Amino acid sequence: MNDRISYEERKELPDSVYGLPERREYPMPDAAHVRAAEAYFRYCPEDLKPKLARAILARAKEFGVDVESPVVLGYAGE
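Residues numbered from 1 in each chain as written. Predicted model: local features only at pLDDT ≥ 70, side-chain atom pairs only at ≥ 80, totals over all residues. Heavy atoms only, no water.

What exactly am I supposed to notice about the overall build of the protein chain here?
Secondary structure summary: the protein chain contains four helices and two strands in total. If you list the helices and strands of the protein chain from N to C, you get α-β-β-α-α-α. Taking 12 Å as the expected radius of gyration for a compact globule of 78 residues, we find that the protein chain reaches 12 Å, a close match to that expectation. If you line up the protein chain on its principal axes, its C-alpha atoms span 35 × 25 × 20 Å. For the protein chain, the proportion of its 78 residues judged to be buried stands at 40%. In the protein chain, of all internal contacts separated by at least 6 residues, the share reaching a separation of at least 24 is 46%. Taken as a whole, the protein chain presents about 4900 Å² of accessible surface, with 50% of it coming from carbon and sulfur. In the protein chain, 12 positive and 15 negative side-chain charges are present, and the distance between their average locations comes to 2 Å. (Helix = DSSP H or I, 4+ residues; strand = E, 2+ residues; numbered from the N terminus. Rg over C-alpha atoms; globule rule 2.2 N^0.38 Å. Buried < 20%, exposed > 50% of the residue type's maximum accessible area, 1.4 Å probe, protein only. Contact = heavy atoms within 4.5 Å. Areas by Shrake-Rupley, 256 points an atom, 1.4 Å probe, with all protein chains shown as cover. Lys, Arg positive; Asp, Glu negative; His and termini not counted. Charge placed at Lys NZ, Arg CZ, Asp CG, Glu CD.)

Structure follows, in structure tokens:
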């Protein structure tokens, strides 16, 4: 599955599918992108990690993805 979104596709996505909607970063419109957001979590600014972690878990639940990263789970307070 491809986890690349073209610029045009990205422009069409609603803010609600982004892990950081105010920055329009970490798009998660499907399961592949939830996994990608988990993989790229370490690049998130430290102060935004708890918010992104919670967003990843919420979207993962929606798509039936198991989040395995102890770091993401830790920031989410799981």
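What's the story with the nonpolar core in this structure? I'm lost.
Taken as a class, soluble globular proteins show a tendency for nonpolar side chains to be buried jointly. Formed by 19 residues in total, the largest nonpolar core has its most connected members in L52 and I56. Of the residues forming this core, the biggest block, six residues, is contributed by helix α3 (residues 49-63). Setting aside its immediate chain neighbours within four residues, I56 contacts M28, V34, A37, E38, F41, V67 and V72. (Core = buried A, V, L, I, M, F, W, Y, C linked by side-chain atoms within 4.5 Å.)

I keep staring at the packing of aromatic side chains and nothing clicks. Help me out?
Note on aromatic pairs: each is described by the distance of the centres and the angle between the planes. Evaluation of the coordinates by the stated rule reveals two aromatic pairs. The interplanar angle of 35° and the centroid separation of 6.2 Å between the aromatic rings of Y40 and Y43 together place this pair among those described as tilted. (Phe/Tyr/Trp six-rings, centres within 6.5 Å; stacked < 30°, edge-to-face > 60°.)

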